[in-house]
Each structure stands twice: as C-alpha cells, then as structure tokens.
Amino acid sequence: MEVEAPICARGIEPGQFVHMRFPDMGAHLLRRPFSVYTADREAGTMTVLYQLVGEGTAFMAELRPAASPTVEAIGPVGRAWSAAVLPSADEGGRKSFLLVGGGVGAAPLHLLAERLVSRGHAVDVVLGAQTASALVTRERYEALLGRAPFCATDDGTFGARGFCTGLVSERLDAGCSVDGSPYAQVCVCGPEPLMRIVADRARATSVPCEVSLERRMACGVGACLSCVVDTPAGKRRACVDGPVFDAQEVIW
Amino acid sequence: MEVEAPICARGIEPGQFVHMRFPDMGAHLLRRPFSVYTADREAGTMTVLYQLVGEGTAFMAELRPAASPTVEAIGPVGRAWSAAVLPSADEGGRKSFLLVGGGVGAAPLHLLAERLVSRGHAVDVVLGAQTASALVTRERYEALLGRAPFCATDDGTFGARGFCTGLVSERLDAGCSVDGSPYAQVCVCGPEPLMRIVADRARATSVPCEVSLERRMACGVGACLSCVVDTPAGKRRACVDGPVFDAQEVIW
Amino acid sequence: MTEASGRRVPRPTAVDLSVNVGGLRMANPVTVASGTFAAGREYHDFVDVGTLGAVTTKGVSRHGWEGNAAPRIAETPCGMLNSIGLQNPGVDHLMADELPWLASVGATVVVNVSGHSFGEYVEVIERLEDSPHVHAYELNISCPNVDAGGMNMGCQVASVTEVVTRARAATARPLIVKLTPNVTDITEIARAAEAAGADALSLINTLLGMAIDAERRRPLLARVVGGLSGPAVKPVALRMVWEASRAVNVPVVGMGGISTAADAVEFMLAGASAVAVGTANFVDPQATVKVIDGIADYCERHGIDAARDLIGALEC
Amino acid sequence: MTEASGRRVPRPTAVDLSVNVGGLRMANPVTVASGTFAAGREYHDFVDVGTLGAVTTKGVSRHGWEGNAAPRIAETPCGMLNSIGLQNPGVDHLMADELPWLASVGATVVVNVSGHSFGEYVEVIERLEDSPHVHAYELNISCPNVDAGGMNMGCQVASVTEVVTRARAATARPLIVKLTPNVTDITEIARAAEAAGADALSLINTLLGMAIDAERRRPLLARVVGGLSGPAVKPVALRMVWEASRAVNVPVVGMGGISTAADAVEFMLAGASAVAVGTANFVDPQATVKVIDGIADYCERHGIDAARDLIGALEC
Ligand SMILES: Cc1cc2nc3c(=O)[nH]c(=O)nc-3n(C[C@H](O)[C@H](O)[C@H](O)COP(=O)(O)OP(=O)(O)OC[C@H]3O[C@@H](n4cnc5c(N)ncnc54)[C@H](O)[C@@H]3O)c2cc1C
Ligand SMILES: Cc1cc2nc3c(=O)[nH]c(=O)nc-3n(C[C@H](O)[C@H](O)[C@H](O)COP(=O)(O)OP(=O)(O)OC[C@H]3O[C@@H](n4cnc5c(N)ncnc54)[C@H](O)[C@@H]3O)c2cc1C
Ligand SMILES: Cc1cc2nc3c(=O)[nH]c(=O)nc-3n(C[C@H](O)[C@H](O)[C@H](O)COP(=O)(O)O)c2cc1C
Ligand SMILES: Cc1cc2nc3c(=O)[nH]c(=O)nc-3n(C[C@H](O)[C@H](O)[C@H](O)COP(=O)(O)O)c2cc1C
Ligand code: FES
Ligand code: FES
C-alpha cells in the first residue's frame, strides 16, 4: 500500500514505524502499527507492506486508490536500528551485517539495508517465507545488493526448504559475511519464534543482535503501557523504547 | 438517492417504506426507514428523497454512485394509504383527495398521487417547505397533475408565506377540490405539529384524514415494539400497523 | 442494494449441533434473545423459525402491560438502548394466538416470564402449564418488583431466591433464570438462582444506560434510562458468562451482542451451552440461521464432531 | 493520509470555560482519564498540556508495580479492553521526574493515587504533600485490596468509607474519589464517598470485560479479564454520572467514552462539572483540545456565557 505522508516519509529512520488509523473503520478504534518498507522523501510518499491478519488489514486490502481513502497517521515512531546511525565506511570503517527477515518482517529491514549499502557497508540478507509467492521483497533486495538474498520457504517452492534459521546458522557458523569480513551485528524481524532462535544462535556465536518486536499498541506514543516487553531492567515500551531492542535485553 | 432494489421497487404500494442499512456504517447498527419517492418497476430501481438529520443521512449524502456502495434493505414494509386500493373512477366512481406534504413528507405522497391520477381521481396537492429551494418535489407534482400544487414556504420565497396549514384550511373551508367535487379524504405526511393541525381541521370539516407517522424503529418487522403509536385501542406499531393511520386513531 | 429475502434454513452438516440446556433439548445451540423476536412470526419470512434451537418469546405477564412512552429506543456506539418496558398483551393472548402457531411450524419454545410481584410469575407459569407447546420457561428477574419494594429484584439474593423458589414449585419443566448484569457480583446471584432450583441460567439482560441529545438538551428516551444491548456490551457479557458458568453446575445460555458465529463460539468457549441472538436480528433478520451455519463451519474447519465440545473449552 | 502534527492549543473564546471541582480550579472542564495520558509529556507534541483544564496522571503507588503480562489490550466493538494492571514506577519517580515538568508547562495537576492497602494510599498522599505541584488527588478505589480481603475495595461501602476517611485525614487538598461502575447501585457508593469526606467524585472507571480469539480458543488478554473503555461504555457512564450527581452534593467529573465535544456536553448536561478524555487520546492525540474548542463552539452557538451553566441542565 502506498500512502501520502510527507512528515512520516521525510522523517523516517530505518526500524521506525507509523501508527495508522482508517476513520471509516468506525467500530474499530485503535491505530495499527506498520513498518515503512520504502519511503520517497521527495514525493512525500511511502509504502507499507502488509499481511492479512484481521479486520484492519482486511479493510486495507479493500481500499481502492481511486477513492483516495483517508488514512490518519502518527509517525515516525520508535527507536531505529542502531546501525542506522553508523558513519559511512570511509569515515568509521567498513562493517558487515546479517539481516534476517521472516515473512513480512522483511519490510522494516529494507530501509536499513538501503542505508547500509549507501554508506558502503557489507550486507547479507536472509529471507524466509511460507511459499515462493510470499517472498515479495526478494527482487527489491536483489536489486539493492546486486546479488540474490539467501532464501528459504517452508514448502520449498523457492530456495532452501524449511525455516530460514538453517541459512542463518550457516552464515553465523561461517563467522563472516559473504565478502569475508566478520559480522558486526545481526538484525532480525519476523515471527517471535524465529527471532528467538536467531538471537540464540547469534549469542552462541558472539555476534551482537537486534530484534524488532511486535506488541499490540493503543497509544503509540509511550503513554498507555500496553505494549510492554520484559527486560532485565523491567518492562519497556515497544512503541517508543523499541520496537528495536538489543536481543540480550529481551526476556522472551 | 437512487437505489437498485428489485423486490422493493416492484412490490411497493404508496405509503409503504423501506428499511435501509449501510454496512459501512459499522458503529451504527440500526436500519433507517425511508419512504419511496419514485419506483421504476421495470428497471427494479427506486428513489428515496431524504433530509439531512443525523449520521445516517450524512453518510448517505457522502455516498458516491461511482463506488457502487452497498445498501441492505428490508421492504416493502407497512400499511399503505387506504386510497391506494381504490378502484378506478370508471369502476367505483370518481373521488377527490387533498394531499398535504410538509418538507420531505411530500415524498411518500407522490406514489399515491400517481396512483390516484392514473385511476382517474381528482387530486389537489398542498406542499409546505422552509424555503423555495426545499420544494424539490414541486415540479414533479406539477407535471403529474398538469397544474401547480398549492405551495407555502416559511420564508415566503415561493408561494404563500408561512405554514402551509393556511392553504389547507382554505381548501377544506372551500369544502371541495379545485374541480368542484367534495373531498373524500385528506392524506398528510410531514412534521407532527403539521399533521396534527391538518387532522384537526379535517375533523372540524368532517373530512376523513390519514396521516403517516414517524417513529424510531429497530426491527422494522413488527417484533420489537420500539415504534409504538398511542391509539384508543392501545399501542400500535408504526412499522407494520402503520406508518399510515386514520387520524382519528391517533392519540397525539 | 442487497435485499433480505427468502426463508433461510440451516444447511445440512455432519456436525452434531444439538445441546441440552437443563433438560431443554435444542437441535442446535442458537435461540433468540427475548423481546427481539416477538414470538417468531414476524421473522418467519426471513428464517424458518422452526429450525432454530429454540424460540424464546417476548416477556409475558399475567394480564399484559402497556410499556413505556415513545421514544423507546436510541442508537448508541455499536449498540442501542431500549425502554420498551415489557409491553405485552398478557399470557392468555400468547396461549391463544402465538403458541399454536409456534407449534405449527415445529418450534421449540421457551416462554420468557415477567411479573411485578412474585405471585404474578407463578400465575403466568400456572397458566402456561396448560399448554403443551411450551418446552421451557425463562424467568426474567430484571423487573422492578412490588414485593421487593419496587427495586429490581434481580439484584438481590433474597428476592432472587424467593422468586426462583416459587417458580420452581410451580413447574417441572426446565426453568431458566435470566440474570441482570447490573450487579456487583454475578456469581453471587448465579449461585442463589441455582440453589433455589434453576435448571439453567441465561445472561446477560441489558446494561442500564442513557443517551442524550446535546443539541436539544433532552434525553433520547422518554423514560430517560434504558437497557443497552448489541456488540458494545459483548465484552461484559462474555466476562459474566465466563464467571457465572464457573460458579455454578447448571448450564448457561449466553447472550449480549452476539452477531456472528464467531461471537457465538466465543460464548460457548467461555462456558455457554447455548446462545441467544438479540439485537443482531434487527441488523440482519437472518442472523440466527447464519450463526447456526457458521457454528457448523467452525466445527468442520476445526475437526470438531459435536458443537457441545466447545462448551467451556477456552484454554487459559 | 492525514498526519497529526503540531502542538494544538485551545482557540480564544469569549465563553467562560472555567469550572471548580470541589476546590480544584480548572481553566476549562476538560481533563484526561488517568492511565491514558501518562503524566502528559508523551502528548505534549500534539497538544499543549498546560492548556488543559487539568492533567490527571497515571495511577501511582508507593513503590511502583510491575503490572500484568502482555498482551495487555484488545480491541472490542467501539471499545477496548486493558489489563495494564496499574504498572507504575512509584511516587518518588513521579515527584522527581514528572511533577516538575508538569509545573514547567504550567499544568494543573491531579495525581491519581493507587494502593494495595488502605495504608498505602495514605503513604502516597503523604509523600505528595511535599510537592507544591499537586493541585488535587484522585483516589482510584478500584484496586484489589489486601485490607478488603483481596476484593475490589471500590465495590463495598465499608472499604470505600475506610479508604476515603483515611485519605481525607491525610490532606487538605481537593480529594476526588474515582468510582468503579461494576456495582449494583452507584448512588450507594457515591454517598459513602461523599460522607467520608470526598470533595468530588469521578466516574466511571472501566467496566469488567473479556475478549476471546475463537480461532485460537484463547483469551485475547494474558490476564483473561480486563477493563472496558471507549464509546461502547458511554451510555453506561452517562447513566451513572446522572444517577450519582443527583445522589450527592459534591461535583462530579464525568468520563467513559468521551470522544467529541458533543459527548462532553452530554456528560455536563447529565450533571458532570468537568469531563475526562481517555481512550479517545489513543484514537486522536489532539482529542482533548478539540473537545475544549468544541465546548466553546457549543456555548457560542447556544448563547451560553459560561460552560458551567451546562452542568445538570438536562431537561427531563
Ligand atoms: C512496530 C510494528 C511494526 C509492524 N509492521 C508491520 C508491517 O510492516 N507489515 C505488517 O503486515 N504488519 C506489521 N505489524 C503487525 C501489524 O501491526 C498487525 O498485523 C496489524 O495491526 C493487524 O491488524 P488487523 O486489524 O488486521 O488485525 P486484528 O487482529 O483485527 O487487530 C486487532 C488488534 O490487535 C492488534 N494486532 C493484531 N496483530 C498484531 C501484531 N502482530 N502486532 C501488533 N498489533 C497487532 C491490532 O493493531 C488491533 O489493535 C507491525 C507491528 C508492530 C508492532
Ligand atoms: C415510515 C418512515 C418513513 C420515512 N421516510 C422518510 C423519507 O422519505 N425521507 C426522509 O428524509 N426521512 C424519512 N423518514 C425519517 C428518517 O427515517 C430519518 O430522518 C432518519 O432515520 C434519520 O437517520 P439519521 O441517521 O440521519 O439520524 P440520527 O438522528 O443519527 O439517527 C439516530 C436513530 O434515530 C432514528 N431516527 C432519527 N430521526 C428519525 C425520524 N424522524 N423518524 C424515524 N427514525 C428516526 C434513526 O433511524 C436512527 O435509528 C421516515 C421515517 C419513517 C418512520
Ligand atoms: C427491544 C428489546 C426488548 C427486550 N425485551 C426483553 C424481554 O421482554 N424480556 C427479557 O428477558 N429480555 C428482553 N430484552 C433483553 C434481551 O433479551 C437480551 O438479554 C439483551 O438484549 C442482550 O442481548 P443482545 O445484545 O444480543 O440484544 C430485550 C432487548 C431488546 C433490545
Ligand atoms: C490503558 C488504560 C489505563 C488506565 N489506567 C488507569 C489508572 O491508572 N487509574 C485509573 O483510575 N483509571 C485508569 N484507567 C481508566 C480510565 O481512567 C477511565 O476511567 C476509563 O478508561 C473510561 O474512560 P474512557 O472510556 O474515556 O477511556 C485506564 C484506562 C485505560 C484505557
Ligand atoms: S502503545 Fe502506548 S505505551 Fe506503547
Ligand atoms: S420497528 Fe420493531 S415493532 Fe416496529
């Protein structure tokens, strides 16, 4: 879905999200959080990649651009991937990253990949999905990286068969990125079981890891405490203290 | 508003209504009752003339035909004007009627006027509205009757100035229709104070009178008892025992 | 425009939809909420009322009541208020005009009984004992009651005990007691009704509410206060069904905002043995049969052979 | 796409919007419902929190609470459930970090006080007496309480009397007592709070409710049961504000589903001297100031010079 949202599109940092509401969904009060997949700063537009889950996403799927439906948004919200502020390779040295996107979790990693590549860092991408047709971000990643991302599908219709954790383990066991430099960090977004396994593997191989967590959110501004994540430092808010957390901080 | 509703359009009798709901008005559960202004039996379509009152009618005003919005309807519902079943002038003798429509109340009388005219009866029409531009049914009545209806506007921008009850009194005092035959019945639809005054004048001049009452309705099928009207015989349901009542039956 | 038309009947299914509510056998778990379906006849153009699990009739008193002044309803966010005031033509009229018709279409019939005094409930039941067409009683104890000092008798353990005990003595037929949600502790009232002899409980009746027209500075209901129903109350109803069904050993009929089969399944998972569709009939006059079909769909999709396996099957 | 942006302030008006709630002077009748606005800072990007009638802070306890497990919220028809469980970092944190900030933006501050024992309420108030930045207390008596046997103390006259009496003795500042709607008779509890020394009442807190995911057969909240808020509860809230304000002589702060100025006016007509915007902040972070402006519009349109003339002005 492409939306016009100049403030969000211009201000967005990789990992942040927008909190959207459809005024025509009268009986459904709450805003829905969505990551930004691509942002066109000049046009003031951005795209959101979404999966059909419930009534809100079903409503989105039925929107017709011709009717120019109204969407209300708060954003950009939340803590970005820490790698988003990394200086360019020229200034601070070249680093390697492993980005792991499960399902629609591939979306919020794309802006990060773009940023890292543009700053001259090395990026390996692992994508997992249920089936080939769900690997909607693959081509865009391939165009960005100049080579195919590592892919796995549950049903084996594209890439490796099964969970993409196998591919992640391979990369982490290799200890370094495709171009040979050791990983500075793993960044994961996807279903919680996937993030957990990747976080465990990263810790086992001593690579720092960040995860992007999903929680139901009411306010989206840090006020209501609906979206908490358990951490050793107590409960933290996914909306403003996250959604990106250091994997070590998360008590799953 | 024109709607496609073959069953309603074909079955409708003058005075009956349709009970409509807009599925996109999620938080608003109830159907809204509307009289049928014109019905095209062959095309299976009908038109409804509505006044902006609250959220439902505001929603209707924003519907764009281009989007072919869905409307759910139950109908036709209710008791028709008793004159609707009158035999034609050739068979049962020619009768005269005085039809009084206040505001949007002019709509449900139009099908009746059509029926009576087509059966060869005499019809005088009095229309009242706040201002000239609100006399939306005037031209259609003029075309049907072959002469102008009697009109009054509160602000005097068209026809007589003030309440149309003055015109009604004039007609009733005259005792007969424009073509000289005594009135068989007065049929009124409009704001309740108007109907009450007309009913009183009719009784004073011994002309039978029918009124079409508005009540908030939940079920529209006679089951919930939300729409009751006080009558000497107890409470009766406006949706199925009405909306047309003999004025003598109504305890205002 | 979509036009509701045709008399819908439930589709065939291999799922066993039957349930037993305190001795009342229902072919499927779906009845209607009293007062939203009259005695069925008005809805027979839309659904075959003989195919419903049961038809629960509008509350009936001994000699009939006039009810309240109009306006009697008001729309509220995802809900509605009503202050019909239990208008009804009396039990004799029900027996003469409605019950034979219900029998003729093969309906399972629950008669909702009202009274302004404890004795009136008993009188209504005694009259109805003469009819072969009644399969169960539902006692609407949310009435202002003279014996309870004009208070709503459904809110006090003492008056609940009294009215249920008396009604129990008057009949051997299944006795369902319908609880009001306007209480501090629904489990206390539920236990009192069970102890006094209820074969089943039904809940919830409407929540007391009010609506105002700000522009006119007036209440939207002539009676000022009315009963709230519809999807808005569903969370409260589900919670009370869950609490009550865990507090008693008799079956529970769940209602309050049920519009879809998913809603019905939620109530059954929370502990209801059957469900009633109320306000949703106004929104869609075929809602009852759609809910029956949807429960069958759900069971088929989840590999459940008998709908009764859903009762209380919430995992928590 | 519409983007919420800019710090909205109320527009100038000739209408006198000020109200006095039991000694608490508010520049306009609009505060926020505790727990929906934190201590204001998170909303200062959207509205100037110093311009609100008052900021009511999230419930605070003596040493802080962890709250419940997630998921803590669920959407329901025209409403939402929450089971935050009064998570808060304790009164010392509020005093160190939040109150000085609120003072710096010129906010009128109501602190919502929680406790698991009667003594804890008193301790929180005693700490807060040291702060010059507190203008009133709101006692949230809808907490499970050890001294009341783990029951919700807001449901019993005895425990309400006790906790209000003790809190009253601890402060001379305006004391607002916040009532739970989960009671049989709100007027009984309202009178008990007044008799024990409340300067004002606020209501309603959330209605207990539940939501279920039928497909997964699980409750939508980790705690199973939560508090219902939003437009769905408005009719119940209006009714209780109307009943309570007629039962007591102290002012009432009305809340429960207020989203628009028309809603706010309805509550004032029903008897509220001020209103709180809660869940609506989540829907529109500028809702508070829009409600203030809309009350001014209403008064101007109806030729009303002072908003306080709306209080209890329902014609019925
Ligand atoms: C920071 C963040 C970023 C996200 N980015 C994306 C994205 O780019 N693409 C995408 O498809 N999805 C994304 N999600 C998940 C997305 O928010 C949910 O799929 C969506 O809210 C479901 O709404 P619904 O109305 O269809 O579902 P319903 O189940 O009808 O929603 C009911 C309520 O639960 C909430 N809810 C349901 N599922 C989730 C969930 N997984 N996470 C949070 N709230 C949920 C809804 O927001 C709503 O309040 C993201 C979630 C978070 C927290
Ligand atoms: C038999 C009948 C025929 C009618 N024919 C027409 C017609 O041809 N054209 C027309 O403009 N209006 C007609 N009305 C009135 C029309 O139904 C209301 O104006 C409409 O329901 C207002 O809906 P709303 O959502 O805009 O108002 P809201 O005030 O938002 O509606 C709230 C609730 O009150 C009900 N309601 C509000 N006003 C009325 C009213 N006057 N009568 C009945 N229910 C009301 C609504 O249906 C809804 O349930 C008729 C009413 C009846 C009973
Ligand atoms: C118009 C109307 C009339 C009602 N009349 C009765 C009644 O006569 N007896 C009774 O026990 N409950 C009555 N109720 C309550 C319903 O049976 C039901 O308990 C309540 O509406 C909640 O269910 P719902 O949300 O599905 O409508 C009535 C409800 C409505 C809306
Ligand atoms: C997320 C959330 C948190 C809440 N926390 C508190 C609280 O800490 N103390 C309190 O007294 N009420 C609390 N409430 C209740 C609200 O203050 C208010 O009474 C209720 O939500 C009804 O108002 P509304 O419908 O406008 O939200 C909370 C409500 C919500 C939705
Ligand atoms: S969504 Fe309200 S604090 Fe995160
Ligand atoms: S609208 Fe239900 S009986 Fe008339």
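Placed above this text is the structure.
Computed from a predicted model, the values in this text were never measured in an experiment.

Trainee: So what about the relation of the copies chain D and chain C? Which residues, and what values?
Mentor: At an RMSD of 0.0 Å, chain D and chain C line up after a rotation of 180° and a shift of 0.0 Å along the axis. Taken together, the rotation and translation relating the two chain copies correspond to the operation of a two-fold axis. Comparing interface residues between copies, 100% of those in chain D also lie at the interface in chain C; the contact surface is shared.

Trainee: Break down the site of ligand 2 for me, with residues and values.
Mentor: All names here are of chain B. Within the structure, ligand 2 sits among 20 residues, and Pro 33, Leu 49, Gly 56, Thr 57 and Glu 214 are positioned closest to it. Gln 51 places a polar main-chain atom, nitrogen or oxygen, 2.8 Å from an oxygen atom of ligand 2. Note that an oxygen atom of ligand 2 is positioned 2.5 Å from one of the side-chain N or O atoms of Thr 57. The protein chains hide 86% of the 820 Å² of surface that ligand 2 would expose on its own.

Trainee: Could you give an account of the sheet that holds strand S4 (residues 30-32) of chain C, naming the residues involved and the relevant values?
Mentor: Residue and element names in this part refer to chain C. Ordered in space as S4-S17-S16-S11-S10-S9-S8-S5, the eight strands form an open sheet in which the pairing is parallel. Each having just a single partner strand, S4 and strand S5 (55-56) make up the two edges of the open sheet. As paired strands, S5 and strand S8 (residues 109-113) are joined by two bridges and run parallel to one another. Among the inter-strand pairings, Val 55 is bridged to a residue of S8, identified as Val 109.

Trainee: Can you tell me about the nonpolar core, naming the residues and giving the values?
Mentor: Within the largest apolar cluster, 291 residues are counted, with the highest numbers of intra-cluster contacts made by Leu 128 of chain C together with Leu 128 of chain D. When residues no more than four places from it in sequence are discounted, the contact partners of Leu 128 of chain D are Val 91, Leu 94, Met 95, Leu 99, Val 111, Val 113, Val 134, Tyr 137 and Arg 173 of chain D.

Trainee: How would you summarise the site of ligand 1 if you had to cite specific residues and measurements?
Mentor: Residue and element names in this part refer to chain A. For ligand 1, the set of nearby residues contains 20 residues, the closest of which are Pro 33, Leu 49, Gly 56, Thr 57 and Glu 214. With respect to ligand 1, the side chain of Arg 32 contributes an N or O atom lying 2.8 Å from an oxygen atom. A distance of 2.6 Å is found between an oxygen atom of ligand 1 and a backbone nitrogen or oxygen belonging to Gly 56. Across the complex, the protein chains shield 86% of the 820 Å² of accessible surface that ligand 1 would expose by itself.

Trainee: Can you break down the interface of chain C and chain B residue by residue, with the values?
Mentor: Each side of the interface is counted separately: chain C has 37 residues, and chain B has 36 residues. Roughly 2,800 Å² is buried in total at the junction of chain C and chain B, and carbon and sulfur atoms are behind 61% of that figure. Linking Glu 75 of chain C and Arg 32 of chain B is a salt bridge whose minimum nitrogen-to-oxygen distance equals 2.8 Å. Listed by contribution, the elements that provide at least two residues to the side of chain C that touches chain B are strand S1 (2-3), strand S6 (73-76), strand S7 (79-82) and helix H7 (280-283) of chain C. Per-element tally for the side of chain C that touches chain B: the top contributor is S6 of chain C, with four residues. Grouping the constituent residues of the side of chain C that touches chain B by class yields 19 nonpolar, 11 polar and seven charged.

Trainee: So what about the interface of chain D and chain C? Which residues, and what values?
Mentor: Between chain D and chain C, the residue contacts involve 44 residues of the former and 44 residues of the latter. Buried area between chain D and chain C, summed over both chains or domains, comes out near 3,900 Å², and the portion from carbon and sulfur atoms is 65%. Run the count over chain D and chain C and you get four salt bridges. Between Arg 218 of chain D and Glu 315 of chain C there is a salt bridge whose closest N-O contact spans 3.8 Å. Our count for the chain D to chain C interface comes out at 15 residue pairs in polar contact (both at pLDDT 80 or more). If you list the elements that add at least two residues to the side of chain D that touches chain C, you get strand S12 (207-210), strand S14 (218-219), strand S15 (225-229), helix H5 (234-247), helix H6 (261-269) and helix H8 (287-301) of chain D. Broken down by element, the side of chain D that touches chain C gets its largest block of residues, five residues, from H5 of chain D. Within the side of chain D that touches chain C, the residues separate by chemical class into 31 nonpolar, five polar and eight charged.

What counts, and where the lines are drawn
Residues numbered from 1 in each chain as written. Chains lettered and ligands numbered in written order. Predicted model: local features only at pLDDT ≥ 70, side-chain atom pairs only at ≥ 80, totals over all residues. Heavy atoms only, no water. Least-squares fit on C-alpha atoms with pLDDT ≥ 70 in both. Contact = heavy atoms within 4.5 Å. Near = heavy atom within 4 Å. Polar contact = N/O pair within 3.5 Å; in protein donor to acceptor, adjacent residues only side chain to side chain. Areas by Shrake-Rupley, 256 points an atom, 1.4 Å probe, with all protein chains shown as cover. Pairing = 2+ DSSP bridges. Helix = DSSP H or I, 4+ residues; strand = E, 2+ residues; numbered from the N terminus. Core = buried A, V, L, I, M, F, W, Y, C linked by side-chain atoms within 4.5 Å. Buried < 20%, exposed > 50% of the residue type's maximum accessible area, 1.4 Å probe, protein only. Buried area = accessible area lost by both parts, 1.4 Å probe. Salt bridge = Lys/Arg side-chain N within 4 Å of Asp/Glu carboxyl O. Nonpolar A, V, L, I, M, F, W, Y, C, P; charged D, E, K, R; others polar.

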